[in-house]
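Results of the structural survey
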Amino acid sequence: MDRNPSPPPRSREEEEDEEVARGDCVGGTVYSKHWLFGVLSGLIQAVNPEDSKEGSDEEEKLELDDALENDICRIWDMSMDEDVALFLQEFNTPGIFMGVLAKSKCSRLREICVGILGNMACFQEICVSISKDRNLGQVLLHCLYDSDPPTLLEISRLLLTCLSHTEVASVWIERIQEYPSIYDSICFIMSSSTNVDLLVKIGEVVDKLFDLDEALMLEWAGKGKARPLAHAQPDSEEQQVYRLVPCVLEAAKQVRSENLDGLDVYMHILQLLTTADDGIQAIVECPDTGKDTWSLLFDLVCHEFCQSGDPPVIFHEQKTVLASALSVMSALCAAQGDRDYLKIEKAFPLIDSLTRVLEMLQRYQKKPENSNGDGAERPDLKGDDVHWDILKDISCEFLSNILQALTKETVAQALKEGHLNQHKCSCAFKNLLPSYSPVVEDFLKVLHDVDKTLADELKKSFPSLKDST
């Protein structure tokens with residue numbers, strides 16, 4: 001039987017070449033160690049030209065060669081692989097990049113170097129090593145003073161990655177506390193940048209810092225009080241006095257229409273501030289700041305979130321940002337209920353919004369078999385029970401506070417304007433009972449004096465309230 005001939009045996013040279021090729025690979029990848037060495041060596045040479053006669057002036061003019069940029073960008077992509085990241089760590093790439101960041105004025109090169117370090121920091125061992133290098137840490141934090149948005153985006157991403165590693169988070173918090181001017185840089189970014197990606201990422205850094213360290217949060221919340229704005233020189237950036245809350249509000253307004261996740265981050269920052277008395281004071285101590293905060297949240301809650309006709313998936317996406325916004329508004333009412341912009345007559349639309357939220361929660365948390373054919377529209381609530389419960393608890397507490405503040409006159413006005421009716425009262429009672437029974441009973445007494453027929457109808461629907469008036 002004819003058969004194909006066997007392949008010729010490989011020569012010793014071919015076997016040696018294959019062995020060398022295998023030895024040149026980084027870990028289990030196909031990436032070449034030799035190529036990586038060459039690119040990094042070229043980078044060092046580009047930053048430290050031996051024959052430069054113009055000294056620092058030459059560095060100022062440095063622009064990244066297209067071929068070198070392409071090669072370094074390939075390393076940036078490759079550094080997401082753990083084997084490559086570990087190899088770069090062994091080759092002391094962080095040390096090389098520290099020199100680049102300290103010497104180079106090329107924005108693109110700085111962005112790429114910080115980006116590669118950000119990828120490497122995703123791996124625990126490397127993150128710990130980078131974080132414990134004090135000199136590198138100082139150089140990296142200095143990047144927060146950069147004027148280049150892409151570089152600021154990458155350093156924000158790196159910081160967020162490091163702060164998310166519990167083993168080294170405290171190292172970065174302590175380091176940030178050592179440099180008070182970082183606060184000014186972050187506030188400047190939040191108050192002036194139009195780069196939504198950067199605003200989202202820097203917001204995530206602030207949110208993480210505040211979540212990890214309340215003392216830092218309160219320290220930053222209190223900055224800007226000592227020197228009144230009148231003492232600042234408007235034409236001097238160095239003299240600008242930043243206050244945290246206005247900067248947070250400006251960033252929130254910038255990301256509002258383009259990035260719901262980013263808006264969620266800034267709402268959560270405000271919510272964290274309201275967990276401490278000094279944080280609430282940072283919001284309300286200046287009348288304009290308190291009013292601006294309330295106006296933004298009121299507009300979001302009453303005119304943008306959870307609107308009639310919104311598909312369920314939209315409500316599902318808005319649940320966490322809505323919970324934060326309502327929580328902050330409730331805290332502001334409790335702290336500064338006497339302010340003109342917080343008067344109950346101006347809060348009537350909140351009754352509409354809160355009852356609408358509670359109604360949506362009831363509708364979409366029903367079991368599929370009770371959905372009467374609308375199950376296809378229901379968002380997937382699996383695993384989200386905690387978020388829905390938080391939203392319900394916040395909504396109920398806020399609504400109960402509003403009902404407590406209503407008088408005969410304001411109840412009559414709310415009924416006349418359509419903010420209160422049988423449907424909305426029934427929805428409120430259904431959610432507030434039995435946890436807020438005293439509040440409901442007191443409200444029903446006031447309602448009885450204004451509209452006895454409506455009060456009687458509600459008592460029929462809720463038997464537990466029959467003896468309350």
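Residues numbered from 1 in each chain as written. Predicted model: local features only at pLDDT ≥ 70, side-chain atom pairs only at ≥ 80, totals over all residues. Heavy atoms only, no water.

Across its full length, the chain holds 25 helices and zero strands. Among the 469 residues that make up the chain, the fraction classed as buried is 47%. About 23,600 Å² of surface is accessible on the chain, with carbon and sulfur atoms providing 47% of the total. (Helix = DSSP H or I, 4+ residues; strand = E, 2+ residues; numbered from the N terminus. Buried < 20%, exposed > 50% of the residue type's maximum accessible area, 1.4 Å probe, protein only. Areas by Shrake-Rupley, 256 points an atom, 1.4 Å probe, with all protein chains shown as cover.)

Once that is clear, we can look at the confidence of the model for the chain. With 82% of its residues at a pLDDT of at least 70, the chain reaches an overall mean of 86. Note that residues 55-61 has pLDDT below 50 and, in this model, six contacts with residues that lie over four places away or in other chains. Predicted confidence for residues 369-376 stays below pLDDT 50, and this span has two contacts to residues more than four positions away or in other chains. (pLDDT = per-residue confidence, 0-100. Contact = heavy atoms within 4.5 Å.)

This part is about a negative patch on the surface. A cluster of acidic residues, Glu82, Asp83, Glu90 and Glu125, forms a negative patch at the surface. Looking at the negative patch, the element that brings in the most residues is helix α5 (residues 82-90), giving three residues. With respect to the element layout, Glu125 can be found in helix α8 (residues 124-132). (Patch = residues over 30% accessible without salt bridge, like charges linked within 9 Å, V, L, I, M, F, W, Y side chains within 5 Å. Salt bridge = Lys/Arg side-chain N within 4 Å of Asp/Glu carboxyl O. Lys, Arg positive; Asp, Glu negative; His and termini not counted. Charge placed at Lys NZ, Arg CZ, Asp CG, Glu CD.)

In this structure, Met190, Tyr266, Met267, Phe315, Leu350 and Phe429 are the most contacted members of the largest nonpolar core, which totals 151 residues. Of the residues forming this core, the biggest block, 10 residues, is contributed by helix α19 (residues 312-336). In this structure Phe315 touches Cys306, Leu322, Val357, Met360, Leu361, Tyr364, Trp388 and Leu391, once residues within four positions along its chain are discounted. (Core = buried A, V, L, I, M, F, W, Y, C linked by side-chain atoms within 4.5 Å.)

Packed helices, taken two at a time, are described by their axes: the angle between them and the distance between them. Helix α14 (residues 214-222) packs onto helix α13 (residues 196-212) with a crossing angle of 120° between their chain directions and a minimal axis gap of 5 Å. The angle between α13 and α14 places the two elements in the oblique class. Facing α13, whose interface residues are Val206, Leu209, Phe210 and Leu212, α14 presents Glu214, Leu216, Met217 and Trp220. (Axes fitted to C-alpha atoms, helices over the stretch in contact; angles between N-to-C directions. Parallel < 35°, antiparallel > 145°, perpendicular 65-115°, else oblique.)

Next up on the list: unusual backbone geometry. Cis rather than trans, the peptide bond between Leu433 and Pro434 has omega equal to 0°. Mapped onto the secondary structure, Pro434 falls in the loop between α23 (422-432) and α24 (437-450). Of note in this structure, Cys306 is not a glycine but carries a positive phi near 45°. Structurally, Cys306 is set in the loop between α18 (287-303) and α19. Taking the relative accessible area as the measure of exposure, Cys306 reaches 2% and is therefore buried.

Geometrically, a pair of aromatic rings is defined through the distance of the ring centres and the angle of the planes. On inspection of all chains with the given rule, the structure shows nine aromatic pairs. With a centroid separation of 5.3 Å and 35° between ring planes, the pair formed by Phe315 and Trp388 is classed as tilted. Taken together, the residues span a long stretch of sequence, with Phe315 in helix α19 and Trp388 in helix α21 (residues 385-405) at a distance of 73 residues. Ring centres 5.6 Å apart and planes at 70° place the aromatic pair Phe429 and Phe462 in the edge-to-face group. You can see Phe429 sitting in helix α23 and its partner Phe462 sitting in the segment after α25 (452-461), a full 33 residues away along the chain. A connected cluster of aromatic rings, assembled from ring pairs, spans Phe37, Phe87 and Phe91. The ring of Trp35 is capped by Arg74, whose NZ or CZ atom sits 4.4 Å from the centre of that ring. Note that Lys319 overlies the ring of Trp388, its terminal NZ or CZ placed 5.8 Å from the centroid. (Phe/Tyr/Trp six-rings, centres within 6.5 Å; stacked < 30°, edge-to-face > 60°. Lys NZ or Arg CZ within 6 Å of the ring centre and 35° of its normal.)

Our next topic: the environment of Asp197. Considering the arrangement of structural elements, one finds Asp197 in helix α13. You can call Asp197 exposed: its relative accessible area is 51%. Considered as a pair, Asp197 and Glu258 are 61 residues apart in the sequence and their alpha carbons are 9.8 Å apart.

A few words now on the pattern of salt bridges. Applying the stated criterion across every chain, the model contains 16 salt bridges. The residue Arg108 makes a salt bridge to Glu111 at a minimum N-O spacing of 2.9 Å. Placement of both Arg108 and Glu111 in helix α7 (residues 107-120) is noted, with a separation of three residues, approximately one turn of the helix. Using a relative accessible area of 29% as the deciding quantity, one classes Arg108 as partly exposed. We note a salt bridge from Lys201 to Glu204, for which the minimum N-O separation is 3.1 Å.

Tracing the sequence through the fold places Thr410 in helix α22 (residues 408-417). By relative accessible area, Thr410 is classed as buried at 6%. Filtering out sequence-adjacent residues up to four positions away, Thr410 remains in contact with Ile344, Glu345 and Phe348.

Before going further, it helps to examine helix α6 (residues 93-103). Of all the residues in α6, the buried ones are Thr93, Pro94, Ile96, Phe97, Val100 and Leu101. The buried residues of α6 all sit within an arc of 155° when viewed along its axis, so they share a single face. Contacts from the buried residues of α6 go to α2 (33-47), α5, α7, α8 and α9 (134-142). (Arc of directions from axis to C-beta.)

A separate point is the side chain of Gln318. Along the chain, the position of Gln318 falls in helix α19. Overall, Gln318 belongs to the buried group, its relative accessible area being 8%. Excluding residues within four positions of it along the chain, Gln318 makes contact with Leu260, Glu304, Phe305 and Cys306.

On to helix α10 (residues 149-163). With 15 residues, α10 extends 21 Å between its outermost C-alpha atoms, agreeing within 8% with the 21 Å of an ideal straight helix rising 1.5 Å per residue. Burial of α10 is extensive: 11 of the 15 residues sit out of reach of the surface. For α10, every residue scored as buried is listed here: Thr151, Leu152, Glu154, Ile155, Ser156, Leu158, Leu159, Leu160, Thr161, Cys162 and Leu163. (Expected span 1.5 Å × (residues − 1).)

On to the packing of helix α15 (residues 244-255) against α18, then. Their axes nearest at 10 Å, the elements α15 and α18 cross at an angle of 25°. In this view, α15 runs roughly parallel relative to α18, as classed from their interaxial angle. Between α15 and α18 the crossing geometry is left-handed. Two secondary-structure elements touch here, α15 through Val245, Pro246, Leu249, Ala252 and Lys253 and α18 through Thr289, Asp292, Thr293 and Leu296. Per-class residue counts for the contact of α15 with α18 are five nonpolar, two polar and two charged. (Left-handed = near helix turned anticlockwise from the far one by under 90°. Nonpolar A, V, L, I, M, F, W, Y, C, P; charged D, E, K, R; others polar.)

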